[in-house]
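Structural features, examined
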Amino acid sequence: MDNITLPLSDYVLNTLPQAVIMAGANGQISYANAQAEVFFRSSAAIIRRHGLEYFLPPASPLISLIAQVIHSGTAVNEYHIDMSSPRMGAERMVDVQVTPVSEKPDHVVILFKETAMAEKLNRQMSHRGAARSVTGLAAMLAHEIKNPLSGIRGAAQLLEMSARDAANEADCELTQLIRDEADRIVALVDRMNVFSDERPIERSAVNLHTVLGHVKTLASHGFASHVTIREEYDPSLPRVWGNRDQLIQVFLNLIKNAAEAIEPEERSGRKGEILLTSAYKAGMHMTVPATGERMSLPLEFCVIDNGGGVASDILPILFDPFITTKTNGSGLGLPLVAKIIADHGGMIECESFSGKTIFRILLPVWKNEHPDI
């Protein structure tokens, strides 16, 4: 920064790893922290002199976001904004948080965050992510593998009949093994076929608290009977625009993963717990990379467990196919979850620390309930 003596607030802002600026309705910048100089590749004096539009690509949505926040007085989060330009450099995709300044009605504070979130949204929302990477493979496997497997299974059955006639138990066991493995591969291919289904989903207004209650009942009497499942819901939450059966599948998968990640109390020394939460997050928006459509995702649902957490090397690729730490896992559960959420126009992310893992899902509201969204 170009001031030698700085107020305490500047010292605090300069310690942030994200770029922070204050801008007016016309894009004129009145403040830039130290990280903003790195982000914009210019000194604070040059940033203030040229203003925001000097650095932005043509028709950037950031200018309209500033006007929206000033007009509404409400903070807005926008994901996957393209700031690529000759001055900013190529492939600069950022998340931004635009917040009104109460002391200066015509000004906003903008926080820029270059994270893997943009890449995650690009994968999930444009069908170029975890689900799409196996779509073509699923169609190929269905044709190229299932047909010969049928022949192999039939041949094994004939051999088994001959082995039984000859009272050869060892050969019977081997032919049964061939049949079982052929059936297992066919089942795996059938599971993958769901990724190639590009038909629009059937939607209706869904009370997700009812969905979560149903899933909790199933889990508590089955795979999650060894843990405590708590609920912290916003009772005023509007309904989701979605497919009830598919959303049940999503939360069953997430809660089952959470339950399996929690060790028994006698081994870990603590009681396993899964927390289900819901909240309304006004101002949560994103731009769909494939269409440019701006989506509002104010409904937040979380599945939180106190298990051992996700390994740091697995976390960035958690939603990719065939990624699993389970002995007999297929690695297709979370990619399917990501596909279903993407089909709903939503997003899913995961945060994990030692002793805590959060799966956060953001979904759109049923538009008839909030027609202005």
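Up top is the structure these notes are about.
On a predicted model such as this, the values are computed, not experimentally measured, just so you know.

Focus on unusual backbone geometry
- The backbone of Arg-41 shows a phi angle near 60°, a positive value even though the residue is not glycine.
- The topology assignment puts Arg-41 in the loop between helix 2 (34–40) and helix 3 (44–50).
- Backbone geometry at Ala-59 places phi at a positive 60°, although glycine is not the residue there.
- Position of Ala-59 relative to the elements: it lies in the loop between helix 3 and helix 4 (61–72).

Side note on the nonpolar core
- Within the largest apolar cluster, 40 residues are counted, with the highest numbers of intra-cluster contacts made by Leu-208, Phe-251, Leu-254, Ile-274, Phe-301 and Ile-348.
- Those elements that provide at least two residues to this core are helix 9 (208–220), helix 10 (244–261), strand 9 (273–280), strand 12 (299–305), helix 12 (333–343), strand 13 (347–353) and strand 14 (356–363).
- Residues Phe-39, Phe-40, Phe-55 and Val-96 belong to the second largest nonpolar core, which totals 26 residues.

Here's the deal with the pairing of strand 13
- The element strand 13 is extensively covered by neighbouring structure, given that five of its seven residues are classed as buried.
- As paired elements, strand 13 and strand 14 share seven bridges and run antiparallel to each other. Bridged to Glu-349 within strand 14 is Arg-360.
- In this antiparallel pair of consecutive strands, strand 13 and strand 14, the connection spans two residues, and Gly-355 shows a positive phi of 90°.

Procedures and definitions
Residues numbered from 1 in each chain as written. Predicted model: local features only at pLDDT ≥ 70, side-chain atom pairs only at ≥ 80, totals over all residues. Heavy atoms only, no water. Helix = DSSP H or I, 4+ residues; strand = E, 2+ residues; numbered from the N terminus. Core = buried A, V, L, I, M, F, W, Y, C linked by side-chain atoms within 4.5 Å. Buried < 20%, exposed > 50% of the residue type's maximum accessible area, 1.4 Å probe, protein only. Pairing = 2+ DSSP bridges.

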